[in-house]
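Descriptive structure summary
Single-letter residue listing:
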Amino acid sequence: MDVSNRKWQRVYRWLLAYIDENKFTGNQKLPSENTLCRRLNVSRETVRLAMDQLEEENLITRVRGSGTFFNKEVAMSRELSRADSQIKIGLILQGQDGGAESELIRGVRSMLKKDEQAELKIFLTDNKFANERRCLQTVMHQNFSGFIVDGVKASMASPNLDCYRELQRHGIPLIFYNNYYQSLCCPKVGVNNMVCAEQLVGRLVQAGHRHIAGIFVFDNYQSVEKFHGMYESLRRHGVEFQDDYIKWCISNEAHDDRFGKNIIQFLKSVPKCTAIVCCNYRIYRLVRNVLEKTGKRVPEDYSIVCFDYSSDNWAEEKVTCSIHQAYRLGAQAAKLLLQMINRGECNERDYSLMMRPEIYEGDSIGVIPAKKEKR
């Protein structure tokens, strides 16, 4: 490598920043050499020197005829710390809801910008225990100041609690976003799902619905809380809970379009059903696709409500839902974590926050006429 050409280092740093910004998105392709030459006002030789360095570090792969792509797994675990960073925050996410998590990251960064010496590193687990463990083992000895975490399959007994307890033993603060592990004494930031369920399910009951189905993810702790909220809301309104009207799935199924066939069979098994509660935006999209394919209308055939609508088109969709408050959650989590770091505290006291849900009133709930009493 021509070390006398120092311009390649500027291109190299620019590409590292580009990878860091895009490693969370679906984009893994780097700009073309011609684009980089124009944008950075450098020669093709300079760009290639920077690319050679990235390739040597296994960060990129060149594919003849297709372009240059960065290795997302390497980018996620790579240490790219700034030498002047005094505070380094790790953000450990599932990576399964790009819209919500992008907003969460934006919210976290909005707080860190107030401290020019704070740095954010993002890790994705793909909601897999093995990935979570690799991530935790990678960061264990990298001088992180604290972590914001969305737990993996948090309603199950996690095999990685030993890693989190090791971080706690080293006095490193942890704050959980949405999904948390009950056996860890850590603060958490989220939305009050019991209140949210009362507002969503309560609207269905007030509209006359008594045969209400729900679709939930059983390995997601947040989803389990939403189920409990639905159960309690029905009980308070004097509506009989029916086990057969609840469909459980695992996280991977919720992100597989083939699960739609299961939803079709489920709805056939509850012919009296007039309303469906969707535990998240992904389940909602599957349900709407199923109803469209089977010629069913909303709200004429089925009323629908949705927890945590994470797309930004709820008004266009006209669905009654709780709006995902990812940006606010990220900002609050970062604010609280910085307080813990600055105060040298890592226990649960005073640092948990449950926000009230933000409900959008759409037209996805139809009214069931009350039956007239016989004389």
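Residues numbered from 1 in each chain as written. Predicted model: local features only at pLDDT ≥ 70, side-chain atom pairs only at ≥ 80, totals over all residues. Heavy atoms only, no water.

1. A look at the overall build of the chain
How we decide: Each helix is a run of DSSP H or I of at least 4 residues and each strand a run of E of at least 2, with the numbering of both proceeding from the N terminus. Two residues form a contact once any of their heavy atoms are found within 4.5 Å. Throughout, the Shrake-Rupley method with a 1.4 Å probe supplies accessible areas, and for residues the shown protein chains are the sole cover considered. Here the positive residues are Lys and Arg and the negative ones are Asp and Glu; neither His nor the chain ends is included. Positions of charges follow a simple convention, taking NZ of Lys, CZ of Arg, CG of Asp or CD of Glu.
Along the backbone of the chain there are 14 helices and 14 strands. C-alpha extents for the chain along the principal axes are approximately 100 × 50 × 35 Å. For the chain, the proportion of contacts with a sequence separation of at least 24, taken over those separated by at least 6, is 74%. A total accessible area of about 18,500 Å² is found for the chain, and carbon and sulfur atoms account for 46% of it. Seen as two clouds, the 54 positive and the 47 negative side-chain charges of the chain have centres 3 Å apart.

2. Considering the sheet that holds strand β12 (residues 320-323)
Note the cut-off: Strand pairing follows a simple DSSP-based rule, namely that at least 2 bridges must link the two strands.
Pairing in this open sheet of six strands is mixed, and the strands run β9-β8-β10-β11-β12-β14 from one edge to the other. Only two strands of the sheet have a single neighbouring strand rather than two, namely β9 (246-249) and β14 (359-360). Bridge count between β12 and β14: two bridges; the pairing is antiparallel. Opposite Cys 321, over in β14, you have Tyr 360 as the bridge partner.

3. Comments concerning the pattern of salt bridges
A side chain with one charge may pair with a side chain of the opposite charge, provided their charged atoms come close. Test applied: Salt bridges are defined as contacts in which a side-chain nitrogen from Lys or Arg sits within 4 Å of a carboxyl oxygen from Asp or Glu. In this scheme, a residue with accessible area under 20% of its type's maximum is buried, one over 50% is exposed, and one in between is partly exposed, where area comes from a 1.4 Å probe on protein chains only.
Across all of its chains, the model carries 16 salt bridges by this definition. Between Asp 162 and Arg 133 there is a salt bridge whose closest N-O contact spans 2.7 Å. Of this pair, Asp 162 sits in helix α7 (residues 161-169) while Arg 133 sits in helix α6 (residues 129-139), placing them 29 residues apart in sequence. Given a relative accessible area of 38%, Asp 162 falls into the partly exposed group. Arg 133 gets classed as partly exposed once you look at its relative accessible area, which sits at 25%. Across the salt bridge formed by Asp 256 and Arg 258, the nearest N and O atoms sit 2.7 Å from each other. Under the relative-accessibility criterion, Asp 256 is labelled partly exposed at 23%. Salt bridges linked by common partners bring Glu 33, Arg 44 and Arg 48 together as one network.

4. Re the sheet that holds strand β7 (residues 188-191)
For clarity, the cut-off: The angle between two axes is taken between their N-to-C directions and runs from 0 to 180 degrees, where each axis is a line fitted to C-alpha atoms and a helix contributes only its stretch in contact.
Taken in spatial order, the six strands line up as β4-β3-β5-β6-β7-β13 in an open sheet, and their pairing is parallel. For this open sheet the edge positions go to β4 (118-124) and β13 (353-355), each flanked by a neighbour on one side alone. Taken pair by pair, the neighbouring strands of this sheet meet at an average axis angle of 15°, ignoring direction. Sheet analysis places strand β3 (residues 87-93) next to β4, joined by seven bridges and oriented parallel. Residue pairing in the sheet places Ile 87 in a bridge with Ala 118 of β4.

5. Notes on the packing of aromatic side chains
Our working definition: Put simply, two rings from Phe, Tyr or Trp (the six-membered ring, in Trp's case) pair if the centres are within 6.5 Å, and we call them stacked under 30 degrees between planes, edge-to-face over 60, tilted for the rest. Note on geometry: a ring has a charge over it if NZ (lysine) or CZ (arginine) is within 6 Å of the ring centre and within 35 degrees of the ring normal.
Evaluated as defined, the whole model comprises 15 aromatic pairs. Pairing Phe 216 with Phe 227 gives two aromatic rings, centres 5.8 Å apart and planes at 75°, and the pair type is edge-to-face. Of the two residues, Phe 216 sits in strand β8 (residues 212-217) while Phe 227 sits in helix α9 (residues 221-236), which places them eleven residues apart along the sequence. You can call Phe 216 buried: its relative accessible area is 0%. The class of Phe 227 is buried, set by a relative accessible area of 14%. Through a chain of ring-to-ring contacts, the aromatic side chains of Phe 216, Phe 227, Tyr 231, Phe 241 and Trp 248 assemble into a single cluster. When the ring centre of Phe 144 is taken as reference, the NZ or CZ atom of Lys 88 above it lies at 4.5 Å.

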